[in-house]
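Take a look at the letters that make up each chain.
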Amino acid sequence: IQFDDRHLRLDERSYLALDWDPEVKKRHFDDNSAEDCEKHESVEYKPQKKAFVKLKDCIELFTTKEKLGAEDPWYCPYCKKHQQATKKLDLWYLPPVLVVHLKRFSYSRYMRDKLDTLVDFPINDLDMLEFLINPNAGPSCYNLIAVSNHYGGMGGGHYTAFAKNKDDGKWYYFDDSSVSTASEEQIVSKAAYVLFYQRKDTISGTGYFALDRESTKGASAAVGIPIDSDEDCNENEQENDDIENENCMHTY
C-alpha cells in the first residue's frame, strides 16, 4: 500500500490486515488508544441464523428471476451490445426420478466453506405443481426413495446413504460395508446432500419401469391374468407413434 494523498478504496469483498513487526509495534502502537474509538452499531450486529430452511423455499429461490452482475454482461444479438440482463430458470416437465442436489459448499474470492444449514425436505408427497409453467405437464407428486449424506468439511469427508427398499417398504442406512435398518425420523438431517425422489405414478406396481413390468408380468402369469405380448406392445407403440407424427407434422 502506498501511503500518499490518494484514498484507498476497498469493495465489500476486500479485507485489510496489518502484520506488525514486533519492535515497531512496541514503539508506535498503543493498545489503549486503539480501543478508544467510536464503534458503529453494525459492528455489534449479529444476524440471527435460521434454524432451518424448507426445500420448497430452495426450489422457489432456484426459479426466481436473477439480474446478472455488471461484471457478467450478456451480449444482445439485436442491439449488438453487452447488456446487464436478467435470467430465469423454469420447469417444463418433471422426470420420473427427480434428483435434488443441495448446495452444501460455498465458494468466494477469499474463502471456501461447508454449509451445514438444515434443509427440511418432505419424505412423502412433494408436490412440484406450483413450479411448473407447462399446464399439461402431467403428474407432479413425489415420494423420497434415497438420500446421500456428506459428513466433514472442505478438506475431506465421508459419505453415507439412506435408501428405501421397494419390496418391504423399509428404510435402510448404508455406511461403507455396513447396512442397518433406519427410521424416517433419522433421514432429515444437516448432512443431507443429494435427494432422490420418485414420481408417485411410477412407483412399484405401476409398470412404468422395465424391471417393474417384468415383475408385474411374472405376478400376472402366476394368477392367470392375460397380459400383452411384446409384439402387441410394439404394435400399440407404433400406432401411437403414427398418431403423434400426424399431429406433429407442422410442429417446429
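These notes cover the structure that comes with them.

Conventions we followed
Residues numbered from 1 in each chain as written. Predicted model: local features only at pLDDT ≥ 70, side-chain atom pairs only at ≥ 80, totals over all residues. Heavy atoms only, no water. Salt bridge = Lys/Arg side-chain N within 4 Å of Asp/Glu carboxyl O. Buried < 20%, exposed > 50% of the residue type's maximum accessible area, 1.4 Å probe, protein only. Helix = DSSP H or I, 4+ residues; strand = E, 2+ residues; numbered from the N terminus. Lys, Arg positive; Asp, Glu negative; His and termini not counted. Polar contact = N/O pair within 3.5 Å; in protein donor to acceptor, adjacent residues only side chain to side chain. Phe/Tyr/Trp six-rings, centres within 6.5 Å; stacked < 30°, edge-to-face > 60°.

### Description of the pattern of salt bridges
According to the stated counting rule, one finds seven salt bridges in the structure shown. Two residues, D167 and K166, come together in a salt bridge whose shortest N-O distance is 3.2 Å. Judged by relative accessible area, which is 66%, D167 ranks as exposed. On the accessibility criterion, K166 (59% relative accessible area) is exposed.

### Some thoughts on the side chain of K114
The residue K114 is located in strand β8 (residues 112-114) in this model. This buried residue, K114, is left without a salt bridge; D116 holds the nearest opposite charge, at 7.6 Å. Within polar-contact distance, the side chain of K114 engages the side chain of H150 at 3.1 Å. A distance of 3.3 Å separates the side chain of K114 from the backbone oxygen of G152, its partner in a polar contact.

### Considerations on the packing of aromatic side chains
A complete count under the given rule lists four aromatic pairs for this structure. Ring geometry for F105 and Y193: centres 5.7 Å apart, planes at 85°, overall edge-to-face. Linking F105 in strand β7 (residues 105-107) with Y193 in strand β15 (residues 192-199), this pair joins segments that are 88 residues apart in sequence. Taken as a pair, F105 and Y193 share a single burial class, namely buried. With 6.3 Å between their ring centres and 35° between their planes, Y159 and Y193 make a pair best called tilted. Here Y159 is found in strand β12 (residues 157-164), whereas its partner Y193 is found in strand β15, with 34 residues between them in sequence. Residue class for Y159 comes out partly exposed when judged on its relative accessible area of 46%. Y193 gets classed as buried once you look at its relative accessible area, which sits at 13%.

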